[in-house]
2 protein chains.
Amino acid sequence: MAVIRRLPKYHRYLGDLLDKDIQRISSKELSDIIGFTASQIRQDLNNFGGFGQQGYGYNVEALFNEIGKILGLDREYNAILIGAGNLGQAIANYSGFRKAGFEIKALFDANPKMIGLKIREFEILDSDDIENFIKNNKIDIAIMCIPKNGAQELANRLVNVGIKGIWNFAPIDLEVPQQVIVENVNLTESLFTLSYLMKEEQ
Amino acid sequence: MAVIRRLPKYHRYLGDLLDKDIQRISSKELSDIIGFTASQIRQDLNNFGGFGQQGYGYNVEALFNEIGKILGLDREYNAILIGAGNLGQAIANYSGFRKAGFEIKALFDANPKMIGLKIREFEILDSDDIENFIKNNKIDIAIMCIPKNGAQELANRLVNVGIKGIWNFAPIDLEVPQQVIVENVNLTESLFTLSYLMKEEQ
DNA sequence: TAGATTGTTAATCGATTAACAATC
DNA sequence: TAGATTGTTAATCGATTAACAATC
């Protein structure tokens, strides 16, 4: 799991190198820019395959693509976003996710004042229609940008119609069957960690 | 560091227990709701002090307060937020941070179209004025909600006027002197991890 | 007092780093 | 071929779990 959390970072740095037209890189060079030890980089990559070549290093483009595949970025994902507040809109508006293959197909909100409003190309739909939409549109991922209250109930509904993954921004640990993947983004926990580390500095 | 990342979660669960007027809890009971082993909970807490009592367990309120202190939540922090787009506005509008002692004192943006607009109680200020504002308002934390481009330059400016902590939402690893604390929130890395784990399930 | 539960030590497990033979 | 650098094994380090004496 520690390795997995590093994979997106490898992917990002390799993408940067690709943008700079750099074609090969050694674990030592990558270590200098990414900050992990060269040994760890070689170990990490070798968990998934022998992508390098002795005496040469790694081909940047090939490695970028391999890591993309490992991360599951070689396919497209259909997503819906529930909770069209500021945070939800920020995520819906961010073009980077679509470029990476994650397409938000609809926005939902429970607030009658929000329903019908247009955000980018999307009209905000009624949360009551989530189940039907998921069934009819092959939705893989639900992005939950709602408050803590009601989050577990919503998760239950999503699970019931066969959602495979939940990207959860609500500050609660959702209980779902083990085959459903939940990835949490907890901003409060992140901020509190910052606060702890700032204290340590004194 | 592994322990530190768990502290905010202890804090959150203890807050929930407090809301339910639960006064005492054993490591075993906490284990059942939080999902860490009872042994790990006792180890974690003992890193910071003997907060429990044999035969009784832990006093929920006392432990909540102790962990709050450890996290540095027993004081107030002044923050500014740079980049008043959707994400920036979402963070500025979230009342939970203020309740925890993190007060956003001003919003900044580099886009002339944004400058002068009102978000909640705040008028969006010109990014050029960041340095003066930090100096005159005892700002501890800068929240960076800007794109990758320009993020390092902004960080340099913040460091130059003595910022102590940066909560960074830009998808880049900032280089700062070691006494400056950076906490990153990288949404793309989180999403890619979800995608990886969904693939694993197949 | 007896029962419960911590604090803490020891054992285990997993992750990181070091080292180097293999090989391009 | 010689030099460079990987893949991989072994050593180290740190984190988690188990066990139990201390004690409320």
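Not measured: the values here are computed from a predicted model.

For an α-helix, 3.6 residues make a turn, and residues three or four places apart therefore share a direction. Residues and elements named next belong to chain B. Those residues of helix 8 (residues 151-160) that sit buried are Ala 151, Leu 154, Ala 155 and Leu 158. End-on, the buried residues of helix 8 take up no more than an arc of 100°, which puts them together on one face. Exposed side of helix 8, more than 90 degrees from the buried face: Glu 153, Asn 156 and Asn 160 are the residues found there. Looking at the buried side of helix 8, the elements it contacts are strand 4 (77-82), strand 8 (141-144) and strand 9 (165-168).

Below, the discussion takes up the sheet that holds strand 10 (residues 181-184) of chain A. All names here are of chain A. Read from one edge to the other, the open sheet built from seven strands follows the order 6-7-5-4-8-9-10, with strand pairing classed as mixed. On the outer flanks of this sheet lie strand 6 (118-119) and strand 10, each paired with one strand and no other. One ladder, built from four bridges, connects strand 9 (residues 165-168) with strand 10; its direction is parallel. Across the sheet, residue Trp 167 finds its bridge partner in strand 10, namely Glu 183. Packing of helix 8 (residues 151-160) onto the sheet brings it into contact with strand 4 (77-82), strand 8 (141-144) and strand 9, and relative to strand 8 it is tilted by some 170°.

Between the two copies, chain A and chain B, the superposition gives an RMSD of 0.0 Å; the rotation angle is 180° and the shift along the axis is 0.0 Å. On the angle and the small slide along the axis, the relation comes out as a two-fold axis. Here 100% of the contact residues of chain A are again contact residues in chain B; the copies associate through an equivalent surface.

Structurally, chain A comprises domain 1 (2-70) and domain 2 (77-189). With centres defined by C-alpha atoms, the gap from domain 1 of chain A to domain 2 of chain A works out at 32 Å.

What follows covers the protein's contact with DNA strand D. Neighbouring DNA strand D are 28 residues; A:Gly50, A:Gly52, A:Gly55, B:Gln54 and B:Gly55 lie closest to it. Contributions of two or more residues to the surface near DNA strand D are made by helix 2 (27-34), helix 3 (38-46), strand 2 (52-53) and strand 3 (57-59) of chain A together with helix 1 (2-19) and helix 3 (38-46) of chain B. Per-element accounting of the surface near DNA strand D gives the leading share, six residues, to helix 3 of chain A. Partitioning the surface near DNA strand D into residue classes produces eight nonpolar, 18 polar and two charged.

In this section: the UniProt feature "domain: CoA-binding" (unreviewed entry) in chain A. UniProt records the feature "domain: CoA-binding" (unreviewed entry) for residues 72-173 of chain A in the present numbering. Across residues 72-173 of chain A, helical content stands at 29% and strand content at 28%; the span's end C-alpha atoms are separated by 24 Å.

Further remarks concern the sheet that holds strand 1 (residues 24-25) of chain A. Residue and element names in this part refer to chain A. In spatial order, the strands read 1-3-2; together these three strands make up an open sheet with antiparallel pairing. Looking at strand neighbours, the two that pair on one side only are strand 1 and strand 2, the edges of this open sheet. Across two bridges, strand 2 lies against strand 3 in antiparallel orientation. Bridge assignment links Gln 53 to a residue of strand 3, and that residue is Gly 57. Its contacts with the sheet put helix 4 (residues 60-70) on strand 1 and strand 3, and the angle it makes with strand 3 is roughly 75°.

A:Met144 and B:Met144 are the most contacted members of the largest nonpolar core, which totals 119 residues. Filtering out sequence-adjacent residues up to four positions away, A:Met144 remains in contact with A:Ile82, A:Gly83, A:Ala151, A:Leu154, A:Ile166, A:Trp167, A:Asn168, A:Phe169 and A:Ala170.

With 43 residues of chain A at the interface, the matching set in chain B holds 43 residues. Sorting elements by how many residues they give to the side of chain A that touches chain B places helix 9 (residues 187-201) of chain A first, with 14 residues. The residue inventory of the side of chain A that touches chain B, partitioned by class, reads 22 nonpolar, 13 polar and eight charged.

Criteria and thresholds
- Residues numbered from 1 in each chain as written.
- Chains lettered and ligands numbered in written order.
- Predicted model: local features only at pLDDT ≥ 70, side-chain atom pairs only at ≥ 80, totals over all residues.
- Buried ≥ 20, exposed ≤ 12 C-beta atoms within 10 Å, placed from the backbone.
- Helix = DSSP H or I, 4+ residues; strand = E, 2+ residues; numbered from the N terminus.
- Arc of directions from axis to C-beta.
- Contact = placed C-beta atoms within 7 Å.
- Pairing = 2+ DSSP bridges.
- Axes fitted to C-alpha atoms, helices over the stretch in contact; angles between N-to-C directions.
- Least-squares fit on C-alpha atoms with pLDDT ≥ 70 in both.
- Domains from an automatic or database assignment.
- Near = placed C-beta within 6 Å.
- Nonpolar A, V, L, I, M, F, W, Y, C, P; charged D, E, K, R; others polar.
- UniProt positions renumbered as here; feature names shortened; annotations may be inferred.
- Core = buried A, V, L, I, M, F, W, Y, C linked by C-beta atoms within 7 Å.

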